[in-house]
Amino acid sequence: MRRTPRADERDTASSTNGPTTTGQLHASAAALAAVRARRRCCAAMLIMPRRGLLAAAVGLIAAGRVPRSRTAAADDGAFPADFVWGASTASYQIEGAVDEDGRGKSIWDVFSHTPGRVKNGDTGDIACDHYHRWRADIDLLARGNFSAYRFSTAWPRILPSGGGAVEQRGLDFYERLVDALIANGIAPWLCLYHWDLPQALQENGGWLNRDTSAKFADYARVVTRRLGDRVKHWAIFNEPNVHALFGHGIGDHAPGLKGLPNMLAAIHHLNLAQGRAVQALRAERADLRLGTIISLQPARPSSDSADDRRAAERFDAMWNGACLDPLMTGAYPAPVAADFAPFVADGDFATMRQTTDYLGVNYYAPMYVMHAPQSLFGAWFGAAPAGTRFTAMGWPIDAGGLTEELIRLRDRYGNPELYVTENGACYDDPLAADGVVHDDDRIAYLREHLAAARHALAAGAKLRGYFVWSLMDNFEWAEGYSRRFGVVHVDFKTLKRTPKASYRWLAEFIRNQTRRN
């Protein structure tokens, strides 16, 4: 899932970067001071860091006076009869059992155990203990009326060293999960990679090493040979753009690398790995429906200045285009093509451009972008408009951005088949004395975004499904267990699951859609 940077990242996203041959911009001390002064002038409108919450938003939420948009009260409308209703999770965020049944270490095991990397020193060692409690979690899916479940397989659970010997106990776990999902009438949607690279591969360069793309294709073959007869929907990656930027550019995610050259190399090799994996899976089975998942958000200038407009164009190309265009068009977007040129070898674009059956869209919020010469690539997160509402992550709420993005995909890439594979909101979710989490703000968010999805459908976008993020509260990356996105509350001391009001609302919404059809 996507994220916004901490305040210190906004000021120093490239301050520790080494020299680059790809045109990275560097600011003088005077320019940096000017940018910081500008930020102070509009501080009330800035997108807050992940570890903070806009003070005004806190007051509104606590008082129960968070303003609702007109969309929240709009008629829900009907979705097509074959529309897919799902929930999404990720392996490291929920599984736990990091030392069981031969699982190798991942980059997130190492990162989370490094002091200062994750809030409160939290790790995914136990997480939601899904590895042992998966039957109860499938029951939650069934009771929630979900027809599909998007999960990820953990590469180090299956290939502890990243390649070589296969750990059959890891594959056994996913086979049990898949069989139980099918027995409960829930279609398994398998994502091959949600950021948990085997540490053994990281020690050989990880995504900075071109050879990792071939290792990934081998891993994809291993999984499909075991599960391809039952799993028909496959996602190659989850959010390679976020993984590259925050894990390899600013160092706030595993593996904690910094610098524009690292980020560019990671993006290129992830794109290469994706193409090779699609080829590998097609060669194994012709009946698979293959796609990939990218965090896509409108990039809007923070002001009407020419500098901010150019910055938004560059940010859009880097965030939205650099992992999408090579797959769909066989090239990098023009504003950033020169940045990637040093990494492109003969035949790379032919490998990266592959025919897929669908595109997964993860959408949470629009991005407001400012000209920031000192930042990683000359553009960074800036001010949101006055009056914007925010979630507890400090992310602006604008359901219209989802409609905008889906229609843009319709127009720019030949109207591909689309699924919203993540959408949801983080709020502070206390368990009330009556045993219920009354998360009315999340219900309002979901209602607005489902209406926005229906608007995109009415406009001709080929939207075929919607997956909420997330089924349950989980390990929220660098935020540890301090942030909650689930429609099911998890007590991280007892691991008890408690469906929230939003879970019941969404289950009823899905039930009503089924009845209409």
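Refer to the structure presented above.
Reference entry: report on the structure contained in this document.

Some remarks on the packing of aromatic side chains
The tally for this structure, following the rule as stated, stands at 49 aromatic pairs. When the ring of Trp-380 is compared with that of Phe-381, the centres are 5.3 Å apart and the planes differ by 75°; the resulting orientation is edge-to-face. Neither residue differs from the other here; Trp-380 and Phe-381 are each classed as buried. Counting every residue linked through ring pairs, the aromatic cluster contains Tyr-92, Trp-108, Phe-111, Trp-195, Phe-475, Trp-477, Tyr-481 and Phe-492.

Side note on the packing of helix α10 (residues 211-227) against helix α12 (residues 260-284)
α12 packs onto α10 with a crossing angle of 35° between their chain directions and a minimal axis gap of 8 Å. Two packed elements cross with a definite hand, and for α10 against α12 that hand is right-handed. For the pair α10 and α12, the contacting residues are Ser-213, Ala-214, Phe-216, Ala-217, Ala-220, Arg-221, Thr-224 and Arg-225 in the first and His-269, Leu-272, Ala-273, Arg-276, Ala-277, Ala-280, Leu-281 and Glu-284 in the second. A per-class count over the contact of α10 with α12 returns 9 nonpolar, 3 polar and 4 charged.

Quick word on the sheet that holds strand β9 (residues 379-381)
Pairing within the open sheet is mixed, and its 3 strands lie in the order β6-β8-β9. At either end of the open sheet lies a strand with only one pairing partner, and these are β6 (299-301) and β9. On average, adjacent strands in this sheet sit at an angle of 45° to one another, irrespective of strand direction. Here β6 pairs with strand β8 (residues 367-371) via 3 bridges, running parallel.

Considering the side chain of Asn-474
Locating Asn-474 in the fold gives a position in the loop between β11 (463-469) and β12 (488-490). Within the structure, the side chain of Asn-474 is placed 3.3 Å from the side chain of Gln-93, a separation counted as a polar contact. Asn-474 has contacts with Gln-93, Ile-94, Cys-128, Trp-469, Gly-480, Tyr-481, Arg-483 and Phe-492, leaving out every residue within four places of it along the chain.

As for the environment of Pro-261
Mapped onto the secondary structure, Pro-261 falls in helix α12. Pro-261 gets classed as partly exposed once you look at its relative accessible area, which sits at 25%. Separated by 82 residues in sequence, Pro-261 and Phe-343 place their C-alpha atoms 9.5 Å apart.

Brief notes about the environment of Ala-453
One can find Ala-453 in helix α18 (residues 440-458). As a C-alpha pair, Ala-453 and Leu-463 span 10 residues in sequence and 7.7 Å in three-dimensional space. Among residues more than four places away in sequence, those in contact with Ala-453 are Phe-79, Leu-402 and Leu-463.

Quick word on the sheet that holds strand β7 (residues 358-362)
The strand order around the closed barrel built from 8 strands is β1-β2-β3-β4-β5-β7-β10-β11, with neighbouring strands paired in parallel fashion. Each strand of the sheet is rotated relative to its neighbour by a mean of 25°, with strand direction disregarded. Strands β7, β10 (418-422) and β11 of the sheet are contacted by helix α17 (residues 400-412), whose axis makes an angle of about 140° with β10.

As for the pattern of salt bridges
In this structure the tally under the stated criterion is 33 salt bridges. Residue Arg-133 pairs with Asp-129 through a salt bridge whose shortest N-O separation is 3.0 Å. The residue Glu-175 makes a salt bridge to Arg-226 at a minimum N-O spacing of 3.1 Å. Of this pair, Glu-175 sits in helix α8 (residues 168-183) while Arg-226 sits in helix α10, and the two are 51 residues apart along the sequence. Put simply, Asp-172, Glu-175, Asp-179, Arg-226, Asp-229 and Arg-230 are held in one network by salt bridges that share partners.

Considerations on the nonpolar core
Of all hydrophobic cores here, the largest spans 145 residues; its most connected members are Trp-108, Leu-192, Trp-207, Phe-216, Trp-234, Met-263 and Phe-377. The leading source of residues in this core is α12, at 12 residues. In contact with Trp-108, other than residues within four places in its own chain, are Tyr-92, Val-118, Trp-195, His-253, Ala-254, Phe-475, Trp-477 and Ala-478. Within the second largest apolar cluster, 9 residues are counted, among which are Ala-148, Cys-191, Ala-235 and Tyr-419.

What counts, and where the lines are drawn
Within every chain, residues take consecutive numbers counted from 1 along the sequence as written. Thresholds applied to this predicted model are a pLDDT of at least 70 for local features of residues and 80 or more for the giving and counting of side-chain atom pairs; totals over whole chains, interfaces and linings are not thresholded and use all residues. Note that the side-chain values use all heavy atoms of the structure and ignore hydrogens as well as water. Between rings of Phe, Tyr and Trp, where Trp is taken as its six-membered ring, a pair exists when centres lie within 6.5 Å; planes separated by under 30 degrees are stacked, by over 60 edge-to-face, and by other angles tilted. A simple rule labels every residue: compare its accessible area, found with a 1.4 Å probe on the protein chains alone, to the largest value its type can have, and call it buried under 20%, exposed over 50%, or partly exposed in between. Geometry is summarised by axes, namely lines fitted to C-alpha atoms with helices restricted to the contacting stretch, and by angles between N-to-C directions that run from 0 to 180 degrees. Under the DSSP-based scheme used, a helix requires at least four consecutive residues in state H or I and a strand at least two consecutive residues in state E, with every element numbered from the N terminus. Working rule for handedness: look at the near helix, and if it is turned counterclockwise from the far one by less than a right angle, call the crossing left-handed; if clockwise, right-handed. We call two residues in contact when some of their heavy atoms are within 4.5 Å. All residues other than Ala, Val, Leu, Ile, Met, Phe, Trp, Tyr, Cys, Pro, Asp, Glu, Lys and Arg, Gly among them, are scored as polar; the first ten of these are nonpolar and the last four charged. Whether two strands pair comes down to DSSP finding at least two bridges between them. Under this definition, polar contacts are N or O atom pairs within 3.5 Å; protein pairs additionally need one hydrogen-donor-capable and one acceptor-capable atom, and for neighbouring residues in sequence, both atoms have to be side-chain atoms. For this analysis, a salt bridge means a side-chain nitrogen from Lys or Arg found within 4 Å of a carboxyl oxygen belonging to Asp or Glu. Each nonpolar core is a collection of buried residues, namely Ala, Val, Leu, Ile, Met, Phe, Trp, Tyr and Cys, held together in the definition by side-chain atoms within 4.5 Å.

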